[in-house]
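Commentary on secondary and tertiary structure
The lines below spell out each chain.
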Amino acid sequence: MRKFILLSALFASAPVSAQQAMTDSSPHADHAMSMPMTEGDAQCPPEHAAMGHCTPQAEAVTPPHAGPSAAALSGPEYAADAVWGAGAMEPARRSVYAEHGFMNTGKILIDRLEYAAQKGRDGYSWEGDAWYGGDYNRLWTKFRGEGAAGKAIESAEVQALWSRALDPWFNIQAGVRYDIRPKPDRAHLAVGIEGLAPYLFDVNAALFLSDRGDLTARVEAEYDQRITNRLILQPSVEVNLAAQDVRSVDVGAGLSSVEAGLRLRYEFVPEFAPYFGFEYEGLVGRTARLARAGGEDANRAKFVIGIRTWF
Amino acid sequence: MNDTTLGRRSLLRAGALGLAGLGFDMKFPAWATTGSAGLRADMPTLAGEDIRLRVAHDRFSVGGRTGHAITINGVLPAPLIRLREGQTVRLHVENTLDEDTSIHWHGLIVPFQMDGVPGISFPGIRPGTTFTYEFPIRQSGTYWYHSHSGLQEQVGHYGPLVIDPAGAEPAAYDREHVIVLSDWTFLHPHQVITKLKQKDAYFNRQKQTATTGEMSVAERISWSKMRMDPADISDVNGSTYSFLINGHGPNENWTGLFRPGERVRLRFINASAMTIFNVRIPGLPMTVVLADGQPVRPVETDEFQISVAETYDVIVEPTSDQAYSLIAEAIDRSGMGRATLAPRVGMTAAIPPLRKRPTLSMRDMGMGGMDMSGMDMGGTGAPAMGGAACPPEHAAMGHCKPGQPAAPMHHGMREKSLMPPTVKVGVGVDMVSAMPVDRTGDRPLGLEKEPHRVLTYHDLAPLVPFHDKRPPTRTIDIHLTGNMGRFMWSFDGRKMNEGAEPIRLERDERVRVNLINDTMMNHPIHIHGHFFELVTGQDHGHPIKHTVNVMPGGIASFDLTADAPGDWPLHCHLLYHMHAGMMNVVKVRPMDDGEAA
Ligand SMILES: [Cu+2]
């Protein structure tokens, strides 16, 4: 059985105050003399006094903000070198610094891989991106494409971008975009920003300058509304613009198309979610007129079903 | 003391080296074996002047699954090391891994070269080699030890360390149990951090949704405007973790024995990688007698929050012949560790259901100094303190002007002008606390409204006054910064790898350090090689600690005597926060040449 030094304190109904009374004959005496932090200011710093936590016992002084003294700056820079030798410490030091904060990671996201039921021939499409890198700089690739069931791929593009973090939420991205379909293939310079806007909208806006000198732009936004932790409703919108007519792809100058979608997905795990939804695509302005002149519909409504996955 | 009547089961006693080679079976040290009668003199505890520890790849099972672990002497948690104040110890650590390892003696006052942090205190322990730590034991209390290499701590590389005082025990007891809390995942720790980098709040499966939560539409809109989730409590949680008590999952139900009427000392150690626990034993009040190994004036409570790397010793006095559930609930309520205290093996008590996930408030967003009346934001947190709108330390930081209204509502959640120029408000900083307040007196996150007693730092009073009674002569501010979405964590906006300027202290100088939390997460901040006095402003004195949990959007201040020359890590003890960059080095100079050479 161990000896009870403070036995009575443990039985006291108000242990703290009981203990206080035991060790200090008078709580006021200890302010004046023996306790730690009795120098008034430290015992009751002004910020606590201001919060009503305590009453200052003496004139309060908050120590000033100041840099290190000359002695604090005296060497050696690395204390352990003197014990273990700089040769042994240097590689370990380099790795401990790198290990705490530097890390390359990557992600491949198939945001949409879907089948579209629509008027006429059904269609299919895919869209996603992948990145690799650290917190600031990443290599980024984006890909998308679509086609009609039983026919060749109508459009397919891939982008290769260097991505640089702009602020906590946004990245600026620059690189090239290559359209494999439709033929003839085209290459573009691409520059854009991508990130999370206030109110939690995922935003992606990019400008493209093609090898034929055509300037176009694309703006996408989507929002994840969690209904439960697994069931997520995602409205999305995409707008395409052109600075001039791009005859080879039947795009007219100005606002060329608007897409609006609503997808409901179920995340069995965050990495895997099937979904279904609707999407509306409308050609606008000169592009719509070009389409109608070519005997095509300017509007299209689709019922989509697909899979979202990442790893 | 006579406990043979308790019918202690003879189970595996793998406290020391002996069982490491027996092949896979669940192996626990004797103190961590279920049905333990507590620490006893005849247990195969590691003690004495020469202690051998062998770090090895191993297997660990919980909940019916088995995965890869790194263990010491073949057990998880690692063996109990029991030392005596005043002795000298040599700890021979053999590394059988194919990678470097290390052991840091958490909370121990040692020469810096024995502190065990690769690249800062020593070169690390290479594969296939044995390193001998040697240092005098100059303190007593409950501590622990763990790897400081990579993410080894997540896979089992941690154990308890108890030091008996040279003189009398500050708090009397009849029986003692060590209670090691930890978190276990079958994911590889690199996968854990990869997921965190890939997807914001990947592990949170309790997000606020359209169909859950009590927030008004206006509050929801204001949180989404800030691009923050008021449900972001723990980065890694029960969606992947099994919460362990002495290496046992909740269903394995580790049981510690007592005899009714005894005073039972429970030495709680939070050895988790990422989990802050709320600890309670329904029906049994707990008297806290030590915090971080240092004696405090006994204070009775019904529940306490133990942040990662903290230790609390409590004494309980069960008087009746019944079992009690010991509950360590994760702070985000995504799961619990559960054990049983009982007079006999096999007895159990009711397990309280998990409580509701806490929701962050504007106080957790650094708006604590604002008068909240009239604001329709705020969640369920504690009300703001009146009269603290512009305390002097904030005025000094330029946060506000005394006598004028507090920082105006229209400034955003990331007002760069509120930060001193030494803080880099860049990609890695998604929030600046506009009006942070001292939160050491706040009830911990999620326990604001519990009807029973909840321990706060203000309740802790040192039993023995700190030896250095000089007031601090200068103040240093350290901002705890981060980017939730990109999972970047740092001090003053600079991750460790970004070349943060070390914190330079003159030997024996006394400084006040303000830890200002510019994030909406709790951060247990730990300094190596020193104890500090946590500035609570209480008349009963300031508790002496090695780790302080800085609440979201709040301030915690400590006074430090820089009496240990050398280089010492200062870091967040959430393993993945540290790994993501929330670490720096404190350099105390000049060196004592006689000691360093
Ligand atoms: Cu942290």
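Residues numbered from 1 in each chain as written. Chains lettered and ligands numbered in written order. Predicted model: local features only at pLDDT ≥ 70, side-chain atom pairs only at ≥ 80, totals over all residues. Heavy atoms only, no water.

**Brief notes about the overall build of chain A**
The test is simple: Here a strand is any run of E in DSSP of at least two residues, a helix any run of H or I of at least four, and the numbering for each starts at the N terminus. Any residue under 20% of the maximum accessible area for its type is buried, any over 50% is exposed, and the rest in between are partly exposed; the area is computed with a 1.4 Å probe on protein chains only. Only heavy atoms matter for contacts: two residues are in contact if any of them lie within 4.5 Å across the pair. The accessible surface values rely on the Shrake-Rupley method and a 1.4 Å probe; as for residues, cover is taken only from the protein chains in view.
In terms of regular secondary structure, chain A is built from 7 helices and 13 strands. Looking at chain A as a whole, 42% of its 311 residues are labelled buried. Partitioning the intrachain contacts of chain A with sequence separation of at least 6 by distance along the chain shows that 41% fall at a separation of at least 24. With the model as given, the accessible surface of chain A reaches about 15300 Å², and the carbon-plus-sulfur share is 63%.

**Regarding the pairing of strand β4 (residues 153–165) of chain A**
Residues and elements named next belong to chain A. Condition: Two strands qualify as a pair provided DSSP detects at least 2 bridges between them.
Pairing analysis gives 11 bridges linking strand β3 (residues 137–148) to β4, with the strands arranged antiparallel. When the sheet's bridge partners are listed, Gly145 is paired in β4 with Ala156. With 10 bridges joining them, β4 and strand β5 (residues 170–181) adopt antiparallel strand pairing. Following the sheet pairing, Trp162 is matched in β5 by Ala174. Here β4 hands over to β5 after 4 residues, the two strands then running antiparallel side by side.

**Quick look at the packing of aromatic side chains**
We describe a pair of aromatic rings using the distance from one ring centre to the other and the angle between the two ring planes. We apply this condition: The pairing test for Phe, Tyr and Trp rings, Trp by its six-membered ring, is centres within 6.5 Å, and the orientation test on the planes gives stacked under 30 degrees, edge-to-face over 60, and tilted for anything in between. Each ring is checked for a lysine NZ or an arginine CZ that lies within 6 Å of its centre and within 35 degrees of its normal; such an atom marks a charge sitting over the ring.
Overall, the coordinates contain 25 aromatic pairs over all chains when judged by the stated rule. Measuring from ring centre to ring centre gives 5.0 Å for B:Trp105 and B:Tyr133, while their planes differ by 90 degrees; the resulting arrangement is edge-to-face. Taken together, the residues B:Trp105 in strand β6 (residues 104–106) and B:Tyr133 in strand β7 (residues 130–136) connect sequence positions 28 residues apart. Here B:Trp105 and B:Tyr133 have matching classes, each one buried. Here the aromatic rings of B:Tyr143 and B:Phe531 are separated by 6.4 Å at their centres, their planes lie at 70 degrees, and the arrangement is edge-to-face. With a gap of 388 residues between them, B:Tyr143 in strand β8 (residues 141–146) and B:Phe531 in the loop between β26 (523–527) and β27 (532–534) connect regions that are remote in the sequence. Here B:Tyr143 matches B:Phe531 in class, with each residue buried. These aromatic residues form a ring-pair network of at least three members: A:Trp84, B:Trp105, B:Phe122, B:Phe131, B:Tyr133, B:Phe135 and B:Tyr145. Positioned over the ring face of B:Phe186 is B:Arg65, at 4.2 Å from the centre of the ring.

**A closer look at the side chain of B:Ser121**
To keep it simple, the criterion reads: Identification of polar contacts relies on pairs of N or O atoms within 3.5 Å, with a donor-acceptor requirement for protein atoms, meaning one able to donate a hydrogen and the other able to accept it, and with residues adjacent in sequence counted only if both atoms are side-chain atoms.
Assignment of secondary structure puts B:Ser121 in the loop between β6 and β7. The class for B:Ser121 is buried, based on a relative accessible area of 0%. One polar contact links the side chain of B:Ser121 to the main-chain amide nitrogen of B:Gly116, over a distance of 3.4 Å. Residues contacting B:Ser121, with those up to four places away along its chain left out, are A:Ala80, A:Trp84, A:Met89, B:Phe112, B:Gln113, B:Asp115 and B:Gly116.

**Considering the confidence of the model for chain A**
It should be kept in mind that the predicted coordinates are not to be read in detail where pLDDT is low. All names here are of chain A. Selection criterion: Every residue carries a pLDDT, the predictor's confidence in it, which falls somewhere between 0 and 100.
Residue-level pLDDT values for chain A average 85, and 80% of them are 70 or greater. Contacts of residues 1–44 to residues separated by more than four positions or lying in other chains number 98 contacts, the stretch itself having pLDDT below 50. Residue range residues 54–60 is modelled with pLDDT below 50. Its contacts to residues more than four positions away, or to other chains, number 14 contacts.

**Side note on the interface of chain B and chain A**
Counted only if it meets this: Values labelled buried area give the accessible surface lost by two parts on being combined, using a 1.4 Å probe and summing over both. Salt bridge criterion: a side-chain nitrogen from Lys or Arg within 4 Å of a carboxyl oxygen from Asp or Glu.
Across the boundary between the two partners, chain B contributes 114 residues, which contact 92 residues of chain A. Taken together, both faces of the contact between chain B and chain A bury some 9000 Å²; the carbon and sulfur share is 59%. Seen at the junction of chain B and chain A, the total is 5 salt bridges. Of all the elements, helix α1 (residues 189–198) of chain B adds the most residues to the side of chain B that touches chain A, at 6 residues.

**A word on the sheet that holds strand β5 (residues 88–95) of chain B**
All names here are of chain B. We count it as follows: Orientation is described by lines fitted to C-alpha atoms, with helices fitted over the stretch in contact, and by angles between N-to-C directions that extend from 0 to 180 degrees.
Spatial ordering of the open sheet is given by β3-β2-β5-β7, a layout of 4 strands whose pairing is mixed. Each edge of the open sheet carries a strand with a single partner, namely β3 (65–72) and β7. Taking the axes of each pair of neighbouring strands and ignoring which way they run, one obtains an average angle of 25 degrees across the sheet. As judged from the 8 bridges shared by strand β2 (residues 50–62) and β3, these two strands associate in the antiparallel manner. Bridging from a neighbouring strand, His57 pairs with Ile70 of β3.

**What about the domain arrangement of chain B?**
All names here are of chain B. Formally: Here the bounds of each domain stem from an automatic or database domain assignment. Polar here means any residue other than Ala, Val, Leu, Ile, Met, Phe, Trp, Tyr, Cys and Pro, which are nonpolar, and Asp, Glu, Lys and Arg, which are charged; Gly is therefore polar.
Taken domain by domain, chain B holds domain 1 (30–168) and domain 2 (416–589). One C-alpha centre belongs to domain 1, the other to domain 2, and the line joining them spans 26 Å. Contacts between the two partners involve 20 residues from domain 1, matched on the other side by 21 residues from domain 2. Viewed at the interface, domain 2 and domain 1 are joined by 0 salt bridges. Counting across the interface, domain 1 meets domain 2 through 10 residue pairs in polar contact (both at pLDDT 80 or more). Of all the secondary structure elements, the ones that give two or more residues to the side of domain 1 that touches domain 2 are β6 and β8. Among the elements that line the side of domain 1 that touches domain 2, the one with the most residues is β8, at 3 residues. Taken together, the residues of the side of domain 1 that touches domain 2 break down into 10 nonpolar, 8 polar and 2 charged.

**A look at the pattern of salt bridges**
Residues and elements named next belong to chain B. Taken as a whole and assessed by the stated rule, the structure comprises 65 salt bridges over all chains. Taking the shortest distance from any N to any O, the salt bridge between Asp100 and Arg126 comes out at 3.1 Å. Here the residue Asp100 occupies a position in the loop between β5 and β6, and Arg126 occupies one in the loop between β6 and β7, the gap between them amounting to 26 residues. Accessibility expressed as a relative area gives 51% for Arg126, which makes it exposed. The salt bridge involving Glu262 is made with Arg259; its shortest N-O contact spans 3.9 Å. Judged by its relative accessible area of 7%, Glu262 is buried. Residue Arg259 is classed as partly exposed on the basis of its relative accessible area of 31%.

**Here's the deal with unusual backbone geometry**
That bond from A:Lys183 to A:Pro184 is cis: its omega, -5 degrees, falls within 30 degrees of zero. Tracing the sequence through the fold places A:Pro184 in the loop between β5 and β6 (186–197). Residue B:Pro590 follows B:Arg589 across a cis peptide bond; omega there is 0 degrees. Turning to its location among the elements, B:Pro590 is positioned in the loop between β32 (583–589) and α5 (593–596). In the Ramachandran plot, B:Arg333 falls in the positive-phi region, its phi being about 60 degrees despite a non-glycine side chain.

**Some points on the sheet that holds strand β13 (residues 264–270) of chain B**
Residue and element names in this part refer to chain B. Strand order in the open sheet formed by 6 strands is β11-β10-β13-β18-β15-β16, and the pairing between neighbours is mixed. Only two strands of the sheet have a single partner each, and these edge strands are β11 (242–245) and β16 (294–301). Each adjacent strand pair in this sheet contributes to an overall mean axis angle of 25 degrees, direction not counted. As defined by bridge partners, strand β10 (residues 175–184) adjoins β11 across 4 bridges and the pair is classed as antiparallel. Paired with Trp184 across the bridge in β11 is Ser242.

**Structural notes on a nonpolar patch on the surface**
Residue and element names in this part refer to chain A. So the rule is basically this: Surface patches are drawn from residues lacking salt bridges whose relative accessible area is over 30%; two like charges belong together within 9 Å, two nonpolar side chains (Val, Leu, Ile, Met, Phe, Trp, Tyr) within 5 Å.
Residues Leu166, Ile172, Val176, Leu189, Val191, Ile193, Leu207, Leu209 and Leu215 make up a contiguous nonpolar surface patch of about 710 Å² in total accessible area. Broken down by secondary-structure element, the contributors of at least two residues to the nonpolar patch are β5, β6 and β7 (201–210). Position of Ile172 among the secondary structure elements: in strand β5. According to the relative accessible area criterion, Ile172 is partly exposed, its value standing at 31%.

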